[in-house]
Amino acid sequence: MRARLAVVVVGLWASLDAAVGGESIISGEPMQGGLVHGRVSPGAQVWYEGRKLRVSQRGQFVIGFGRNEAPITKLDIRYPGGSREQRQLNVAQREYDIQRIDGLPPRKVEPTAKDLVRIRQEAALIKTARRRDSADTDFLLGFTWPVVGQISGVYGSQRVLNGKPRRPHYGVDVAARAGTPVRAPASGVVSLVHRDMYFTGGTIIIDHGHGLSSVFSHLSEVHVRERQRVARAETIAKVGATGRATGPHLHWGVNWFERRLDPQLMAGPMPTAAKQNSR
Ligand SMILES: [Zn+2]
């Protein structure tokens, strides 16, 4: 019986192109750095790449795709009655730019042994915040730009800092004057506040639920506390140039647990300045 079931299950791998495969519904285009929303009948379990995903009481779940996500990933749904549905998600592959930034303080590109101790401690705090898997579903209403301005750095770029290859850029940079208000792109709970991290300076992380979180870096002022609930568009901080930065800008990153997503895919086109002023 078990062997027969396995054969049937293999035959059920369905392409996402049909949007609906079996009973589950996936909306959004799977893409490196992107995210899709899913829906199953309440009570179903959703497994993705060996991870059991949080499913809301209404059957909603979310999946995020990393910068180098493989072209084919698999979803395994187990329904309360014992039936199973397996789906294949075809993840669109992207190409990334190379971005060269010069003029950074040398120590911010090649930290000393003492700096590395601090960097590791700060990375652990960030990792803990990103591991949260809360039942909140703030992410369901989507994301808006936390600052309106010129995009000065995009997601995924391979970075060369002061001539040295460094890890890719996992977020989007928006140039803005120091002191410009930073508004929450979606509601959520503040899971980390740090006034001065080595690389990211004044830093805030907001948990939007189900493992989705936003990080805001290089802030000159922070206006929220940890565990505080914030509403979309609420001012949470001010733009600055703290940490590793050559000038004032907001770095906004979005994560699904440890996977780094592209905020531009979530927030869509940058609104015009006029729209921002009327907000
Ligand atoms: Zn950045």
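A quick note: this is a predicted structure, and the numbers were derived from the prediction, not measured. (Residues numbered from 1 in each chain as written. Predicted model: local features only at pLDDT ≥ 70, side-chain atom pairs only at ≥ 80, totals over all residues.)

1. Observations concerning unusual backbone geometry
Within the chain, Arg-227 stands out as a residue other than glycine whose phi angle is a positive 75 degrees. Assignment of secondary structure puts Arg-227 in the loop between strand E18 (221-222) and strand E19 (229-230). Located in the positive-phi region is Phe-257, a residue other than glycine, with phi close to 50 degrees. Within the secondary structure layout, Phe-257 lies in the loop between strand E21 (249-256) and strand E22 (259-261). Note on Phe-257: 17 C-beta atoms within 10 Å, which makes it partly exposed. (Helix = DSSP H or I, 4+ residues; strand = E, 2+ residues; numbered from the N terminus. Buried ≥ 20, exposed ≤ 12 C-beta atoms within 10 Å, placed from the backbone.)

2. Focus on the sheet that holds strand E12 (residues 164-166)
Read across the open sheet, the three strands follow the order E9-E11-E12; overall the sheet is mixed. Of all strands in the sheet, those with a lone pairing partner are strand E9 (98-101) and E12, marking the two edges. The mean inter-strand angle of the sheet, taken between neighbouring strand axes irrespective of direction, is 30 degrees. Direction of pairing for E9 relative to strand E11 (residues 158-161): parallel, over a ladder of four bridges. The residue bridging Arg-100 from the neighbouring strand is Val-160, located in E11. (Pairing = 2+ DSSP bridges. Axes fitted to C-alpha atoms, helices over the stretch in contact; angles between N-to-C directions.)

3. Re the sheet that holds strand E7 (residues 72-78)
The strand order across the open sheet formed by four strands is E5-E4-E7-E8, and the pairing between neighbours is antiparallel. Strand pairing shows two members of the sheet lacking a second neighbour, strand E5 (51-53) and strand E8 (84-90), which therefore form its edges. The sheet shows a mean angle of 25 degrees between the axes of neighbouring strands, direction not considered. Across seven bridges, E7 lies against E8 in antiparallel orientation. Within E8, the residue paired with Asp-76 across the bridge is Gln-86.

4. Describing the confidence of the model for the chain
Mean pLDDT over the chain works out to 90, with 90% of the residues at or above the 70 mark. Within the model, pLDDT remains below 50 along residues 1-21, and this stretch shows 23 contacts once partners closer than five positions in the same chain are excluded. (pLDDT = per-residue confidence, 0-100. Contact = placed C-beta atoms within 7 Å.)

5. Regarding the pairing of E11
A regular strand places its side chains on the two faces of the sheet in alternate fashion. Pairing of E11 with E12 involves three bridges; the strand directions are antiparallel. What sits directly across from Val-160, in E12, is Pro-165.

6. As for the nonpolar core
Inside soluble globular proteins, nonpolar side chains tend to come together where they are buried. With 48 residues, the main nonpolar core has Val-182, Ile-204, Phe-216 and Leu-250 as its most contacted residues. Both domains that meet at this core, namely domain 1 (2-90) and domain 2 (98-277), each give it at least three residues. Once you skip the residues sitting within four places of it in the chain, Ile-204 turns out to touch Val-190, Leu-192, Val-193, Phe-216, Leu-219, Val-222, Val-224, Ile-236 and Ala-237. (Core = buried A, V, L, I, M, F, W, Y, C linked by C-beta atoms within 7 Å. Domains from an automatic or database assignment.)

7. Focus: the pairing of strand E13 (residues 172-175)
When strand E10 (residues 150-153) meets E13, the two strands line up antiparallel, connected through three bridges. Bridge pairing in E13 places Ile-151 opposite Val-174. Where E13 meets E21, four bridges bridge the pair, whose relative direction is antiparallel. Residue pairing across strands places Ala-175 opposite His-249, the latter belonging to E21.

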